[in-house]
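Remarks on the overall topology
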Amino acid sequence: MPNDSREKILRRIREALTVAAPPRHLAHGGDQAARHPPQDWLPNIPESPDALFALFEKNSRDLKTDVRRCTSPAAVAAELATLAREEGWKSV
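Remarks on the environment of Phe53
Here Phe53 shows up in helix α5 (residues 49–62). Overall, Phe53 belongs to the partly exposed group, its relative accessible area being 26%. The spacing of Phe53 and Arg69 is 16 residues in sequence and 9.8 Å in space, taken between C-alpha atoms.

This is the structure in structure tokens:
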């Protein structure tokens, strides 16, 4: 008898595995998630590089970080040297 129960359980598992699961972002929303495709709950992302960087700067400010634009590797080195001097860094 215990072997019969085991077979029933395994048969149910095999049946369940034949049905595809919904995508994760739809798994908990039921019909509500089906009515709202992903673009409705994802943030809008700008297409132009300048607008994308502006969004990055805004989000960085919200996180209280300091973003500095550098146009070349030499500008990056100069900016880091300035930061190191201002902040009293021992190493970079």
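Observations concerning a positive patch on the surface
Taken together, the side chains of Lys8, Arg11, Arg12 and Arg14 define a basic patch exposed on the protein surface. Note on placement: Lys8 falls in helix α1 (residues 2–17).

Describing the pattern of salt bridges
Across all of its chains, the model carries five salt bridges by this definition. One salt bridge in this structure joins Arg6 and Glu7, with 3.9 Å as the shortest N-O distance. On the basis of relative accessible area, Glu7 is assigned to the partly exposed category, the value being 34%. Through salt bridges with shared partners, a single ionic network connects Asp66, Arg68 and Glu79.

Considering the confidence of the model for the protein chain
Scored by pLDDT, the protein chain comes out at a mean of 82, with 78% of its residues at no less than 70. In the model of the protein chain, helix α3 (residues 30–35) stands out as the element of lowest mean pLDDT, 53, in contrast to helix α6 (residues 73–87), which has the highest, 95.

A few points about the packing of aromatic side chains
As enumerated under the stated definition, the model contains one aromatic pair in all. Ring geometry for Phe53 against Phe56: centres 5.8 Å apart, planes inclined by 40 degrees, an arrangement best described as tilted. Placement of the pair is Phe53 and Phe56 together in helix α5, with a separation of three residues, close to one helical turn.

A short note on a nonpolar patch on the surface
On the surface, Val76, Leu80, Trp89 and Val92 cluster together to form a nonpolar patch covering roughly 370 Å² of accessible area. Within the secondary structure, Val76 sits in helix α6. Judged by its relative accessible area of 36%, Val76 falls in the partly exposed class.

Topic: α6
For α6, built from 15 residues, the straight-helix expectation of 21 Å at 1.5 Å per residue is met to within 8% by its first-to-last C-alpha distance of 21 Å. Of the residues flanking the end of α6, it is Gly88, one or two places downstream, whose phi is positive at about 70 degrees.

Parameters at a glance
- Residues numbered from 1 in each chain as written.
- Predicted model: local features only at pLDDT ≥ 70, side-chain atom pairs only at ≥ 80, totals over all residues.
- Heavy atoms only, no water.
- Helix = DSSP H or I, 4+ residues; strand = E, 2+ residues; numbered from the N terminus.
- Buried < 20%, exposed > 50% of the residue type's maximum accessible area, 1.4 Å probe, protein only.
- Patch = residues over 30% accessible without salt bridge, like charges linked within 9 Å, V, L, I, M, F, W, Y side chains within 5 Å.
- Areas by Shrake-Rupley, 256 points an atom, 1.4 Å probe, with all protein chains shown as cover.
- Salt bridge = Lys/Arg side-chain N within 4 Å of Asp/Glu carboxyl O.
- Lys, Arg positive; Asp, Glu negative; His and termini not counted.
- Charge placed at Lys NZ, Arg CZ, Asp CG, Glu CD.
- pLDDT = per-residue confidence, 0-100.
- Phe/Tyr/Trp six-rings, centres within 6.5 Å; stacked < 30°, edge-to-face > 60°.
- Expected span 1.5 Å × (residues − 1).

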